[in-house]
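Topology and contacts: notes
Take a look at the letters that make up each chain.
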Amino acid sequence: MTQPKEIFVITDRCVGCRTCTIACAVAHSASRTLFGAVAETPRPKSRIYVEWAAPAHKVPLVCRHCEDAPCMHACISGAIRRTDDGVVITDTDKCIGCWTCVMVCPYGVIGRDLERHKAYRCDRCQDRDIPACVAACPTGALVYQTVPAYAADVRRHASGEMVKGKGS
Amino acid sequence: MDSAEAYVIVGGSAAGMAAAQAIRERDPAAGITVLSEEADAPYFRPLIPYLVSGRKQAREMTLAGSGPYTGRDIQVWTEARVTAVDCKGQRVTLADGRQLGYGKVLFATGSRPFLPPEIKGTDTEGVFALRTLADARRMARRVEATRRAVMLGGGLLNLKAAFALLERGIRVTLVVFSPEVLSQLMDPEDALLIRRALDRAGLEIRTGAAARTILGDGSGVRAVGLDDGTEIECQMVCIGKGVRPNMEFLAGSGVRIGGGIVADRFTACNQPNTFAAGDVAVTYEPVSGRPIMTALWTNAVEMGRCAGLNMAGVPTAYTGTFGILNATQVADMPFVSMGTVHTGGLDFQIYRHASANAYRKLVFDPEGRRLMGAVLVGDIANAGIYRYLIREKRDISAVKRQIVNHQLHYGHLLPN
C-alpha cells in the first residue's frame, strides 16, 4: 500500500479568510456548487473550522484521522471505522447522535448536524484527488502530502533557513 | 481438558471484544476464543433500546465487522457460560462441563442489573431490567399488551428505555427516589433543562418516591405500589437501579476480588496470565486516584483494548477512567457530564452559566488552576477538549477565561 496523504496545516500562513470552510461546505452539498449550496436546506456544513487565538493566530482545525482514533473506539454504535486509506469515517446510517465521539475528540473537530441528528467530520473528500479545502486555500496554509514527503519539505525549509542564517 | 487456546476471553461484550481486536492487531495468527454466555453473537449493547422502539433490527447491532471490530478469526462461542477457573492448570470450565485451556485469560464478564430486594414481585411477568438483546426482545413483545409502563430509577439507561416506549405510543411514568433524574451524573440544579425537555417529550416523572411492590395477575404486571401508599396501574415495569459485577465464577480460583476483580495498572490480576477489564474490573479515577467501578461501554472498550495489548506482550499502562463520562441526548437536549460534577458542600471553584437553551457548570480545583469536571447541557461543542484537560490535569490558568465562557478551541492549546 502506498503511504496515504494527509492534510497538514501551516498555521503561520493562514490569514483567516475561511475560503476552506466554504469550499468544504460546497463539496459536501447536494448541488456541489456555491449558488446551489447556499440555497439548500439543511444548509451544507463545513468539516473544517478556522478559529482565532489571541493575539493574532488563525488556526484551521480539521479531523486528524488519528492513528489510535479515540472516536472510533468510543463509538457505541459501530458507526466509525477506518478505510483502507487510513481515513476515519462516520457512517451516517449507523450514527445514532449520542455525541460520544464529540465528548472524546481532543481536537473538537467532530460536528453535530442538529437537523439530521448525526455526527459529521472530514472525510478527506474521498471522491476528489485533492480535498476541497486544500485546493481552495489561497495562501498554501493547507498541504495535502504523505508524511515522509511533508517531513522532507519541512527539513529542506529548515536547512535553507539555517544556511541563510549563517550567511548573514 | 478438551482443548486449549493461546488467548481465552471470558465475556463477549465491549471489553472482551475490544481486547480480542487489540490482540489480533498485534498478533495476526494467535488463537483467540471468546466465551459469551449470551445466545446472541456480540452486539453493540447500547443499541438495544432501539430494538424496543423499532428503529433498528437486531442484525444492525452486530459487532463483528462494524467500526474497529474487523479482526479475522476471532472464535466466539455463544451460550458458553464459564463456571470455574483453575489458575494453576490454566483452564476454564463451562456450565456444560466443557473445559478450555488458556495461555492467557481475560475476565470481561461485565455486570448485570441490580434488582433491589426490598421491591417485592420483581419476578412478575412484564418486569424488565433492560440489559441484553434477549431482554429487549421480550420487552418489545410485551409492548403489544402495554398501555402504560412504570420505570423505576432515573438513570440514563432507564431514560433511554423510557423514550423507546414513548416512541411506541406507551404512556410512561418514571419513578425516582432522588430529588431529580440523572442524579448519578449531575446535581439536581444542573438537570433543569433536561428535566424540562423530558416534560416536553411527555414523560411523567415522580421524584422522591420509591416502589414497594409490583402487583400482578394472570396477565402479568397490573400495578406498582409506592411507599406513599399510592398505586400506579401499568402493564410493564422497567428497573434501572444500577448493576453488579459478574464475578461469582471466580470463587475459589484465587483471583483477588475487592468489590470487583482487582487489576493492576497493567490490567493484570494477581494470578499468573490472568487479566481483567470492563464493568467487572476495579479501576482508578485519574483525578482523585480512588478505586472505582464504572459500567460504561466507552470505558470498557478502552480498558479492554489496554488489556488486549498487555496480553499480546505490549506493556500498556491503563490510565484509569473518569467515574462519570457520559454524552448523550435525551429528548431534544444533548448533554455531557464528566469528571467531578457533584460539588455539594465541597471546596471547588465553580462557574455556572445558564441561558434558555444551554447550561454549563465547570468545576475547578480550589486554586482554580485545574479543571476537574464539566456538565454541558444544550451546547456540548468541544467537549472532548475539556475531557482532555481534565484527564491530563493540565494547568489551565492561561485558558481559564475561554473555558468559563465556553469559547475554548484546540488553537488555544497550541504553543504560540
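Every value quoted in this text rests on a predicted model; they were computed, and no experiment measured them. (Residues numbered from 1 in each chain as written. Chains lettered and ligands numbered in written order. Predicted model: local features only at pLDDT ≥ 70, side-chain atom pairs only at ≥ 80, totals over all residues.)

**Looking at the domain arrangement of chain B**
All names here are of chain B.
- Along its sequence, chain B is organised into domain 1 (3–112 + 244–311), domain 2 (127–241) and domain 3 (340–413).
- If you average the C-alpha positions of domain 2 and of domain 3, the two centres end up 32 Å apart.
- Each partner contributes to the interface: domain 2 provides seven residues, whereas domain 3 provides nine residues.
- Split into classes, the residues belonging to the side of domain 2 that touches domain 3 amount to five nonpolar, no polar and two charged. (Domains from an automatic or database assignment. Contact = placed C-beta atoms within 7 Å. Nonpolar A, V, L, I, M, F, W, Y, C, P; charged D, E, K, R; others polar.)

**Some remarks on the pairing of strand S15 (residues 236–239) of chain B**
Residues and elements named next belong to chain B.
- Burial along S15 is two-sided: the face carrying Met236 and Cys238 and the face carrying Val237 and Ile239 are both buried.
- Summarising the sheet, strand S8 (residues 127–128) and S15 pair through two bridges and their orientation is parallel. Counterpart to phenylalanine 128 in the pairing with S15 is cysteine 238.
- Pairing of strand S9 (residues 148–152) with S15, which is carried by four bridges, proceeds in the parallel orientation. Residue pairing in the sheet places leucine 152 in a bridge with isoleucine 239 of S15. (Buried ≥ 20, exposed ≤ 12 C-beta atoms within 10 Å, placed from the backbone. Helix = DSSP H or I, 4+ residues; strand = E, 2+ residues; numbered from the N terminus. Pairing = 2+ DSSP bridges.)

**Let's talk about the packing of helix H1 (residues 14–26) of chain B against helix H6 (residues 297–311) of chain B**
Residue and element names in this part refer to chain B.
- With their axes 7 Å apart at the nearest point, H1 and H6 run at an angle of 35° to one another. In this structure, H1 meets H6 at a crossing whose hand is right-handed. Note on element contacts: H6 touches H1 through Trp297, Ala300, Val301, Met303, Gly304, Arg305, Ala307, Gly308, Leu309 and Met311, opposite Ala14, Ala15, Gly16, Ala18, Ala19, Ala20, Gln21, Ala22, Ile23 and Arg26.
- Grouping the amino acids of the contact of H1 with H6 by side-chain chemistry returns 14 nonpolar, four polar and two charged. (Axes fitted to C-alpha atoms, helices over the stretch in contact; angles between N-to-C directions. Left-handed = near helix turned anticlockwise from the far one by under 90°.)

**Let's talk about the interface of chain B and chain A**
- Between chain B and chain A, the residue contacts involve 32 residues of the former and 26 residues of the latter.
- For the side of chain B that touches chain A, the secondary-structure elements that each account for two or more residues are H6, strand S22 (325–330), strand S23 (333–339) and helix H7 (383–392) of chain B.
- Across the side of chain B that touches chain A, the residue classes break down as 18 nonpolar, 11 polar and three charged.

**Comments concerning the sheet that holds strand S21 (residues 291–292) of chain B**
Residue and element names in this part refer to chain B.
- Pairing within the open sheet is mixed, and its four strands lie in the order S17-S18-S20-S21. Each end of this open sheet is capped by a strand with a single partner; those strands are strand S17 (257–258) and S21.
- Here strand S18 (residues 260–262) pairs with strand S20 (residues 281–284) via two bridges, running parallel. Counterpart to isoleucine 261 in the pairing with S20 is alanine 281.

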